[in-house]
Each structure stands twice: as structure tokens, then as C-alpha cells.
Amino acid sequence: MALRGSTNEERIWNYFKDKGFSDCGIAGLMGNLYAESALKPTNLQNTYEKSLGYTDADYTAAVDNGIYKNFVKDSAGYGLAQWTYWSRKQNLLSFAKSQSKSIGDLEMQLDFLYKELCEGYKTVLSVLKNAKSVLEASNIVLLQFERPANQSESVQTKRASYGQKYYDKFVKEDIEMAEIKKDNTPDAWAKEAVDWAVENKILFGDENGNYKLHDNCTRQEMLVFINRVCEKVLK
């Protein structure tokens, strides 16, 4: 399934949204991935670029082409989650080969990350699907999935702040756009009737409170309106 979105942020958000993660869960996860790799699937741990003599792109190409053969055991963090431990890097490499994908392919890494959560981190997965706060989701990823050397309170706060930015971007902006798009202002000639219908609970908005006053009305919707009017009049 092709990823949806024009940026890595959008693609990652939509991917986990389709997997049933809560908005807070996605934001908390993405905040950690940003801290690890800036959401770059080809990211080679910065401290290893000089010692290995590779840029992100060169390292990725060398692994893909089989020129570099120490990917599994070099202890260098790589990819979205900066996979570092040898067994996880071995599994990542094997998974990429099974999919005939580059080791730096975004969709492949997202599939692998989700596979890891489903098979080895079920508690983390459950929290990410049900999280009610960004901090809750961020901390479960930090402390039980990423597990960096520094897990201090300041690191927890910083990573949660990254996640909050994604929450604000993808959730709050959607709410604000829904507010902007509401069609709740009647034309002058219809205002009295609309006000009466709203006051008497004949006209309801959708889940966002949008009356859609200038949309077409289906026969089903028309019958519902007639039924509500009759109930009101016959009381």
C-alpha cells in the first residue's frame, strides 16, 4: 500500500492513523522518531559518519549494494528509530531484503517498526493505540522501545514537546480548518427560518457542528426534517 502524503511527516502520521493509533499515540511516537533521526529513514548516527567515512546516502547505498558488510555489527544507529543493537539491525536488514527494498526505504521501515511493535512490544503498541496524552505515548516509546542511555526527566519533557508539535499540526489544524469550513451563516431571506429550526431542534449540525446550509438535501434528509416538524407541531 502506497504511503499517503507529500512529506515524511504526513506519510508517517497517515500510516499510523491507518493502523488505529490514537492521535496522541502517533504524536508521541513521532516526537521520539524526530529526536532519533529527524524522520529521515536514511539517517546514519551522526557520531559514526566520520569514523565510518560515510554520509547518510553513501552508507545506505553501500549496504544496499553489499559493498559494506558490517551493517549488523557496527553499532551505528540507523534509520527512523536509529536501530542500533545487532539483532534488531539484522532483523531490519533481513526484512528489507525480503521486501526487495532499500534499507533506507521509508515504507519498509514503517512496516518493520510496526512489526516490531506487534511482535515484541505489545504493551507499547497498546498504549499507542489508546493514549490520551502525548506525554504518556512519548514516555512509553522512550522508556520501553527506544531506551536511549539518557532517559532523564528533561529528555522526557523534550521528546514530548516534539510530539506536541505534531499533535498541534495534525489535530488542532484539522479542528481549526473544520471551524473555518462551517456553512452556518444563512442568507438574509432565510435567517428567521433557520434560527427557528435550530432553536426548535429541527436542524442539527454534523459532528463538527456544521449545518451545511447551502448543500443539497437528499430525500432522506428531507423526510427527517418533515418528521421533526410534525413532532413539534403535533405535541
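You'll find the structure just up there.
Note that the coordinates shown come from a computational prediction; the quantities given were computed from them, not determined experimentally.

Asker: I'd like to hear about the packing of helix α2 (residues 23–37) against helix α8 (residues 134–146), residue by residue, with values.
Answerer: Taken N-terminus to C-terminus, the directions of α2 and α8 make an angle of 50°; their axes are 7 Å apart at the nearest point. Overall, the two elements α2 and α8 adopt an arrangement that is oblique. For the crossing formed where α2 meets α8, the hand is right-handed. Two secondary-structure elements touch here, α2 through Cys24, Gly25, Ala27, Gly28, Leu29, Asn32, Leu33 and Glu36 and α8 through Val134, Ala137, Ser138, Val141, Leu142 and Glu146. Here the residues of the contact of α2 with α8 are counted per class, giving eight nonpolar, four polar and two charged.

Asker: How would you explain the packing of aromatic side chains if you had to name every residue and give the values?
Answerer: Scanning all chains against the criterion turns up 16 aromatic pairs. Judged by centre distance (5.0 Å) and plane angle (80°), the ring pair of tyrosine 15 and phenylalanine 16 falls under edge-to-face. For phenylalanine 16, a relative accessible area of 0% translates into the label buried. On the basis of an interplanar angle of 50° and a centroid distance of 5.3 Å, the ring pair of tyrosine 59 and tyrosine 68 is categorised as tilted. Comparing tyrosine 59 with tyrosine 68, the two get one shared label, buried. For the cation-ring pair, lysine 89 lies above phenylalanine 71, with the distance from its terminal atom to the ring centre recorded as 4.2 Å. The ring of phenylalanine 170 has lysine 169 lying over it, and the distance from NZ or CZ to the ring centre is 5.7 Å.

Asker: Got a sec to walk through the pattern of salt bridges? Specific residues and values, please.
Answerer: Evaluated as defined, the whole model comprises eight salt bridges. The salt bridge involving arginine 4 is made with aspartate 18; its shortest N-O contact spans 2.9 Å. Taken together, the residues span a long stretch of sequence, with arginine 4 in the segment before α1 (8–18) and aspartate 18 in helix α1 at a distance of 14 residues. In this structure aspartate 18 comes out as partly exposed when scored by relative accessible area, which is 44%.

Asker: Go over the packing of helix α7 (residues 122–130) against α8, please, and point to the residues and values.
Answerer: Closest axis-to-axis distance for the α7/α8 pair is 9 Å, and the angle between their directions is 165°. Between α7 and α8, the angle falls in the class roughly antiparallel. The element α7 and its partner α8 pack so that their crossing is left-handed. Here α7 contributes Thr123, Val124, Val127 and Leu128 to the contact with α8, which in turn contributes Glu136, Ala137, Ile140, Val141 and Gln144. Its residues placed into classes, the contact of α7 with α8 shows six nonpolar, two polar and one charged.

Asker: So, the side chain of glutamate 116: which residues are in play, and what are the values?
Answerer: Along the polypeptide, glutamate 116 turns up in helix α6 (residues 106–120). For glutamate 116, a relative accessible area of 9% gives the class buried. Look past the residues within four positions of glutamate 116 in its chain and what remains in contact with it is Trp83, Arg88, Tyr121 and Phe145.

Asker: Account for the nonpolar core, with residues named and values stated.
Answerer: Core analysis: the biggest nonpolar cluster contains 51 residues, and Phe16, Phe21, Phe71, Leu117 and Leu128 have the highest contact counts within it. Counting only elements with at least two residues in this core, the list comes to α1, α2, α4 (56–65), α5 (86–98), α6, α7, α8 and α9 (153–180). The biggest single contributor to this core is α6, with seven residues. In this structure phenylalanine 71 touches Tyr59, Val63, Tyr78, Lys89, Leu92, Leu93 and Ile103, once residues within four positions along its chain are discounted. One finds Ala190, Ala197, Ile202 and Leu203 within the second-largest nonpolar core, a separate group that totals five residues.

Conventions and cut-offs
Residues numbered from 1 in each chain as written. Predicted model: local features only at pLDDT ≥ 70, side-chain atom pairs only at ≥ 80, totals over all residues. Heavy atoms only, no water. Axes fitted to C-alpha atoms, helices over the stretch in contact; angles between N-to-C directions. Helix = DSSP H or I, 4+ residues; strand = E, 2+ residues; numbered from the N terminus. Parallel < 35°, antiparallel > 145°, perpendicular 65-115°, else oblique. Left-handed = near helix turned anticlockwise from the far one by under 90°. Contact = heavy atoms within 4.5 Å. Nonpolar A, V, L, I, M, F, W, Y, C, P; charged D, E, K, R; others polar. Phe/Tyr/Trp six-rings, centres within 6.5 Å; stacked < 30°, edge-to-face > 60°. Buried < 20%, exposed > 50% of the residue type's maximum accessible area, 1.4 Å probe, protein only. Lys NZ or Arg CZ within 6 Å of the ring centre and 35° of its normal. Salt bridge = Lys/Arg side-chain N within 4 Å of Asp/Glu carboxyl O. Core = buried A, V, L, I, M, F, W, Y, C linked by side-chain atoms within 4.5 Å.

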